[in-house]
Amino acid sequence: MSEHAPVILDVAGLALSEDDRRRLAHPLVGGMILFARNWESREQLAALCAQIKEVREDLLICVDHEGGRVQRFRSGGFTHLPPMRRFGELWFKDAKGREGSGAMRAMAAATAAGYVLGAELRACGVDFSFTPVLDLDYGESSVIGDRAFHRDPRVATLLARSLMHGLLQAGVANCGKHFPGHGFVKADSHLEIPVDPRSLKAILEEDAIPYEWLGATLTSVMPAHVIYPKVDSLPAGFSPKWLNEILREKLHFQGAIFSDDLSMAGARKIEGRDVTFTEAAVAALAAGCDMVLLCNESVNSEGGRSIDEMLDGLAEAQSRGEWRANEVSEQRRLALLPCGPSVSWDSLITEPRYMRALQLLP
């Protein structure tokens with residue numbers, strides 16, 4: 001079997017257990033995602049990241065660290081980043097007699113936020129954050145809400161591009177989410193399967209257009225656990241039509257595709273049928289995902305037994321030909337590892353670019 005390490009999993013505590021090390025060494029595991037429970041201090045986080053890299057240098061250490069209410073590390077000197085809606089609000093606050101100055105300030109501030117976010121994570125050994133949110137703010141979704149930049153896809157796209165530029169300055173890749181758009185539906189896909197009744201034309205003209213405009217800048221994308229029945233009966237993350245026909249072929253996206261968390265309610269049923277984590281992972285990979293996330297199972301199941309069951313099941317499904325290892329997918333995963341050297345925290349906090357970026361934040 002060719003090498004392809006598609007699974008991103010989590011660990012329960014502040015340091016690696018023997019079970020964690022065994023799972024991270026599994027040939028199908030390509031990375032791990034950190035949560036607030038994995039944080040005690042900067043020193044502890046850096047030690048945990050170093051332990052992970054000792055298992056395998058190429059493991060991708062990820063986190064959901066967007067700013068606002070989705071920010072896993074909030075103490076120990078980490079900057080409290082504003083929710084992305086703040087940048088959208090800043091866009092329209094022009095200085096007196098200077099039309100468009102608000103937009104320029106908002107883009108500079110978003111770039112600063114991207115740099116602060118990426119540089120602080122890298123100073124502690126974290127490789128990658130699942131950001132920015134490209135969903136549009138329709139004012140309906142509680143789970144998206146102020147995580148979105150704006151209702152206007154043009155504003156959202158330019159602010160996301162600015163944030164991604166700041167991440168790039170810190171050597172960090174990006175992840176646009178949740179394709180083709182989660183902002184229109186009210187339901188929370190953590191708890192149920194949202195349904196968006198709009199036509200493909202309506203979605204492509206509004207919610208999905210940032211993915212087209214950012215095609216050459218996005219390094220990865222995460223699809224939504226949302227069903228768009230006028231396009232496909234499958235949630236976008238399990239849909240070859242959405243991932244291959246639309247995202248890859250129509251919008252020409254070349255980067256990595258992550259599934260959203262397979263433990264969410266939105267991923268536990270496919271076409272009305274309850275599925276195991278293995279079945280969900282196989283469906284996501286077969287649909288066009290390069291990597292699959294399974295979150296919080298280290299604490300939700302007996303000693304993480306469900307993680308072992310999925311890894312075993314995925315290996316068996318691969319041997320049966322239900323999914324194929326993909327060399328291109330593996331190259332896309334490796335391309336998300338940071339570029340350039342990171343700096344220590346002590347060096348970062350006296351760096352002129354970092355100090356200026358803090359001043360630019362709203």
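A quick note: this is a predicted structure, and the numbers were derived from the prediction, not measured.

Rules and cut-offs
As a convention, each chain's residues are numbered from 1 in the sequence order in which they are written. Selection of residues for local features in this predicted model requires a pLDDT of at least 70, selection of side-chain atom pairs for listing and counting requires 80 or more, and totals for whole chains, interfaces and linings are taken over all residues. With hydrogens and water excluded, all non-hydrogen atoms of the structure serve as input to the side-chain values. Note on classification: 1.4 Å probe, protein chains only; a residue is buried when its accessible area is under 20% of the maximum for its type, exposed when over 50%, partly exposed between these limits. A run of DSSP states H or I qualifies as a helix once it reaches four residues; a run of E qualifies as a strand once it reaches two. Both are numbered from the N-terminal end. Two strands are said to pair when DSSP picks up at least two bridges between them. The handedness rule is simple: strands pointing away from the viewer, and a clockwise path from the first strand over the helix to the second, make the crossover right-handed. Each axis is a line fitted through C-alpha atoms, taken for helices only over the stretch in contact, and angles between the N-to-C directions span 0 to 180 degrees. An angle below 35 degrees is read as roughly parallel, one above 145 as roughly antiparallel, one from 65 to 115 as roughly perpendicular, and any other as oblique. Put simply, a crossing is left-handed when the front helix is turned counterclockwise from the back one by less than a right angle, and right-handed when it is turned clockwise. Contact criterion: two residues are considered in contact whenever any of their non-hydrogen atoms come within 4.5 Å of each other. Amino acids are sorted into nonpolar (Ala, Val, Leu, Ile, Met, Phe, Trp, Tyr, Cys and Pro), charged (Asp, Glu, Lys and Arg) and polar (every other residue, Gly among them). Each pair of aromatic rings taken from Phe, Tyr and Trp, with Trp reduced to its six-membered ring, is defined by centres within 6.5 Å and is described as stacked if the planes are under 30 degrees apart, edge-to-face if over 60, and tilted in the remaining cases. Charge-over-ring placement is defined geometrically: NZ (Lys) or CZ (Arg) within 6 Å of the ring centre, and within 35 degrees of the ring normal. Any carboxyl oxygen of Asp or Glu within 4 Å of a side-chain nitrogen of Lys or Arg constitutes a salt bridge here.

Asker: So what exactly am I meant to see when it comes to the pairing of strand S2 (residues 29-34) here?
Answerer: Look at any regular strand and the pattern is simple: side chains alternate between the two faces of the sheet. With six of its six residues buried, S2 lies for the most part within the structure. Here strand S1 (residues 7-9) pairs with S2 via three bridges, running parallel. Within the sheet, the bridge partner assigned to Ile8 lies in S2 and is Gly31. Viewed along the sheet, the connection from S1 through helix H1 (residues 18-24) into S2 turns out right-handed. Alignment of S2 against strand S3 (residues 60-63), held across four bridges, turns out to be parallel.

Asker: Would you mind showing me how to read the packing of helix H4 (residues 101-123) against helix H14 (residues 352-360) here?
Answerer: A pair of packed helices can be characterised by two numbers: the angle between their axes and the separation between those axes. The N-to-C vectors of H4 and H14 enclose an angle of 130°; their axes lie 8 Å apart at closest approach. Of the possible angle classes, the one that applies to H4 and H14 is oblique. With respect to the hand of their crossing, H4 and H14 are arranged in left-handed fashion. Within the contact between the two elements, H4 uses Ala108, Ala109, Ala112, Tyr115, Val116 and Glu120 and H14 uses Arg353, Tyr354, Ala357, Leu358 and Leu360. A per-class count over the contact of H4 with H14 returns nine nonpolar, no polar and two charged.

Asker: Just checking my understanding: could you explain the packing of aromatic side chains for this structure?
Answerer: Each aromatic ring pair is summarised here by two numbers: the centre-to-centre distance and the angle between the ring planes. Under the counting rule described, the total for this entry stands at 11 aromatic pairs. Measuring from centroid to centroid gives 4.9 Å for Phe130 and Phe258, while their planes differ by 85°, and the two rings are edge-to-face. Pair noted here: Phe130 is in the loop between strand S6 (128-129) and helix H5 (153-169) and Phe258 is in the loop between strand S9 (256-257) and strand S10 (269-270), with a separation of 128 residues, a long-range link. Of the two residues, Phe130 and Phe258, neither departs from the other in class, the shared state being buried. Taken together, a centroid distance of 5.2 Å and an interplanar angle of 65° make the contact between Tyr228 and Trp242 edge-to-face. Placement of Tyr228 in the loop between strand S8 (220-223) and helix H8 (240-250) and of Trp242 in helix H8 is noted, with a sequence separation of 14 residues between them. Of the aromatic side chains, those joined through ring pairs into one cluster are Trp39, Phe73, Phe78 and Trp345. Above the plane of the ring of Phe184 lies Arg198, whose end atom (NZ or CZ) is 4.0 Å from the centre.

Asker: Can you walk me through the pattern of salt bridges in this structure?
Answerer: Between side chains of opposite charge, pairing is possible as soon as their charged atoms come close. Under the defined criterion, the tally for this structure stands at 28 salt bridges. In this structure, Arg23 engages Asp308 in a salt bridge whose closest nitrogen and oxygen atoms are separated by 3.0 Å. With Arg23 in helix H1 and Asp308 in helix H11 (residues 305-319), this pair connects stretches of sequence that are 285 residues apart. For the pair Arg23 and Asp308, a shared accessibility class is recorded, and that class is buried.

Asker: Please explain the sheet that holds S9 as it appears in this structure.
Answerer: The strands that make up a sheet pair up through hydrogen bonds in the backbone, lying either parallel or antiparallel. Pairing within the open sheet is parallel, and its three strands lie in the order S7-S8-S9. Edge strands, defined here as strands with exactly one partner in the open sheet, are strand S7 (176-179) and S9. As paired elements, S7 and S8 share three bridges and run parallel to each other. Residue pairing in the sheet places Lys177 in a bridge with Met222 of S8.

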